[in-house]
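Residues per chain, in single letters:
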Amino acid sequence: MIPSNAAIAEYEEQVTSFLRRASSKAEGVAALNQHSNALLKDLRALLPAIKESPAYAGVAFYGRFQAVNLSLIKKLAADNVAAVAALEAIRTGKALRVAASAKVGWDLLFKENPGALWAAIYLNLCVKAASVRVAAVREDDDEVDEDQDNDDQLEDDDDAN
Amino acid sequence: MTMPTDKTLAVRAALENGGSAAETQLALLAGEAGDSQLQIVVEKLTAAEINVLVADADMSKPSMAHAFITPDQFLEAFDRLGARWSQSDEIKSTADYTEIQSDVEDFLCPMILSTGESVRAKKMLEKLLGHPLGAEAILFTAIGRKDYLEFLAAPGTQAITRGTWQELLQVTLEVQPSGYAEIAGLARAIHEDEDGLLSFAAGFIHAMHEEARKYHAAVETAEEDFVDI
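Residues numbered from 1 in each chain as written. Chains lettered and ligands numbered in written order. Predicted model: local features only at pLDDT ≥ 70, side-chain atom pairs only at ≥ 80, totals over all residues. Heavy atoms only, no water.

Visitor: I'm lost on the packing of aromatic side chains in this one. Help?
Guide: The description of an aromatic ring pair rests on the distance of the ring centres and on the angle between the ring planes. Scanning the entire structure with this criterion turns up six aromatic pairs over all chains. Taking the centre distance of 6.1 Å and the plane angle of 80° together, the rings of F65(A) and W106(A) count as edge-to-face. With F65(A) in strand β1 (residues 65-67) and W106(A) in helix α7 (residues 103-112), the pair connects residues that are 41 residues apart, well separated along the chain. Taking 5.8 Å as the distance between ring centres and 45° as the angle between the ring planes, the aromatic pair formed by Y97(B) and F140(B) counts as tilted. You can see Y97(B) sitting in helix α6 (residues 95-113) and its partner F140(B) sitting in helix α8 (residues 134-142), a full 43 residues away along the chain. Since its relative accessible area comes to 1%, Y97(B) is described here as buried. (Phe/Tyr/Trp six-rings, centres within 6.5 Å; stacked < 30°, edge-to-face > 60°. Helix = DSSP H or I, 4+ residues; strand = E, 2+ residues; numbered from the N terminus. Buried < 20%, exposed > 50% of the residue type's maximum accessible area, 1.4 Å probe, protein only.)

Structure (structure tokens):
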């Protein structure tokens with residue numbers, strides 16, 4: 001299940017509030033990274049808030065996902081696949097990598113609230129406000145999906161860097 | 001007619017080739033459209049762009065932009081100043097910080113003093129002294145200089161050299177006396193031996209590095225490793 005419109009709106013508002021306050025996009029992203037570091041560090045304490053709104057999970061994982069097969073992730077979202085099944089399809093399809101610094105947070109959320117983890121992926125990779133920091137996959141990486149969506153996403157990342 | 005936005009873009013494009021290229025572009029704009037347009041263009045620049053623009057300037061060669069940089073732009077540019085300095089060097093002697101000291105003086109003096117307008121100097125100093133490291137920065141331009149303690153002990157009675165730390169302190173005394181008092185208090189708190197000065201200098205430089213570091217967090221994070229899930 002993808003996040004509700006309210007959660008998406010809240011996530012977008014949180015992200016854009018950082019970008020709006022900064023004097024440049026790069027600075028806004030830097031501030032967001034600092035904020036997301038702090039949230040990841042206290043992710044366990046944040047679980048109740050994340051249960052209320054997965055937007056907090058989205059912000060905590062801001063920039064921490066690297067889409068390898070974005071079209072698969074978008075298809076899972078479009079098909080409204082249940083969170084656990086979506087995460088399993090992403091894992092078996094090797095459609096996603098997570099920043100090493102966020103792996104502990106990934107494991108925690110996977111165990112405690114897989115719905116919020118799937119929401120965090122959706123918010124970061126499928127919502128426009130979040131697409132500025134998806135890291136580019138290196139050319140020598142395996143299984144890179146060449147579809148247009150992914151290209152768009154990577155271009156967004158290039159813009160941000 | 002070229003719009004201010006186009007002119008800003010032209011300056012930004014020139015900045016890619018460094019501050020002097022942008023300075024040339026600003027001179028062209030000033031010649032074509034006058035100071036009022038130049039002001040509009042400079043006010044659109046980000047603090048990072050301002051820092052590139054003024055990197056090679058000093059009081060003998062201020063940037064055309066200096067007269068139009070707003071107090072907010074000045075403060076944001078100051079916040080990033082530490083990014084210019086190497087973090088690897090230890091401060092073991094006066095010689096280890098004199099280059100940075102000159103850099104701070106060359107940054108602050110044109111920003112505050114180059115127009116010679118006391119109203120502008122007051123606004124800029126008010127902003128700077130509102131920054132946690134503002135008073136320290138002004139004091140840092142003076143520490144260890146010949147006669148600086150005498151200068152601080154008897155403000156307003158010493159001869160000053162224009163465009164230097166001396167004028168900076170003198171103007172601060174005139175337009176922001178409470179800020180000057182803070183600087184004088186800081187100076188008193190520094191031990192008057194070399195270790196005290198070195199400790200103050202090292203602390204200030206480190207704090208400025210920390211201020212600047214937050215603007216580079218994005219780049220650092222972007223370079224981190226990603227792992228399979």
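Having put the structure on the table, let's press on.
Visitor: Before we go on, may I ask you to explain the pairing of strand β2 (residues 96-99) of chain A in this structure?
Guide: The side chains of a regular strand alternate between both faces of the sheet. Where β1(A) lies against β2(A), three bridges are found, and the strand directions are antiparallel. When the bridges of β2(A) are listed, Q66(A) appears paired with R97(A). Relative to strand β1 (residues 226-228) of chain B, β2(A) runs antiparallel, the two being bridged by three bridges. Along β1(B), the bridge assignment pairs R97(A) with D228(B). (Pairing = 2+ DSSP bridges.)

Visitor: Help me out: how do you make sense of the side chain of Q73(B) in this one?
Guide: Residues and elements named next belong to chain B. Relative to the elements of secondary structure, Q73 occurs in helix α5 (residues 71-79). Here E43 takes part through its backbone oxygen, which lies 3.4 Å from a polar atom of the side chain of Q73. Once residues lying within four places of it in the same chain are set aside, the contact partners of Q73 are V42, E43, K44, L45, A47, I50 and F68. (Polar contact = N/O pair within 3.5 Å; in protein donor to acceptor, adjacent residues only side chain to side chain. Contact = heavy atoms within 4.5 Å.)

Visitor: In this structure, what is going on with the sheet that holds β1(A)? I would like to understand it.
Guide: Strands belonging to one sheet form pairs held by backbone hydrogen bonds; the direction of such a pair is parallel or antiparallel. Pairing is antiparallel in the open sheet, where three strands are placed in the order β1(A)-β2(A)-β1(B). Edge strands, defined here as strands with exactly one partner in the open sheet, are β1 of chain A together with β1 of chain B. Shown here is a sheet whose adjacent strand axes are inclined to one another by a mean of 35°, direction ignored. Taken strand by strand, α7(A) contacts β1 and β2 of chain A together with β1 of chain B, and its axis lies near 115° from that of β2(A). (Axes fitted to C-alpha atoms, helices over the stretch in contact; angles between N-to-C directions.)

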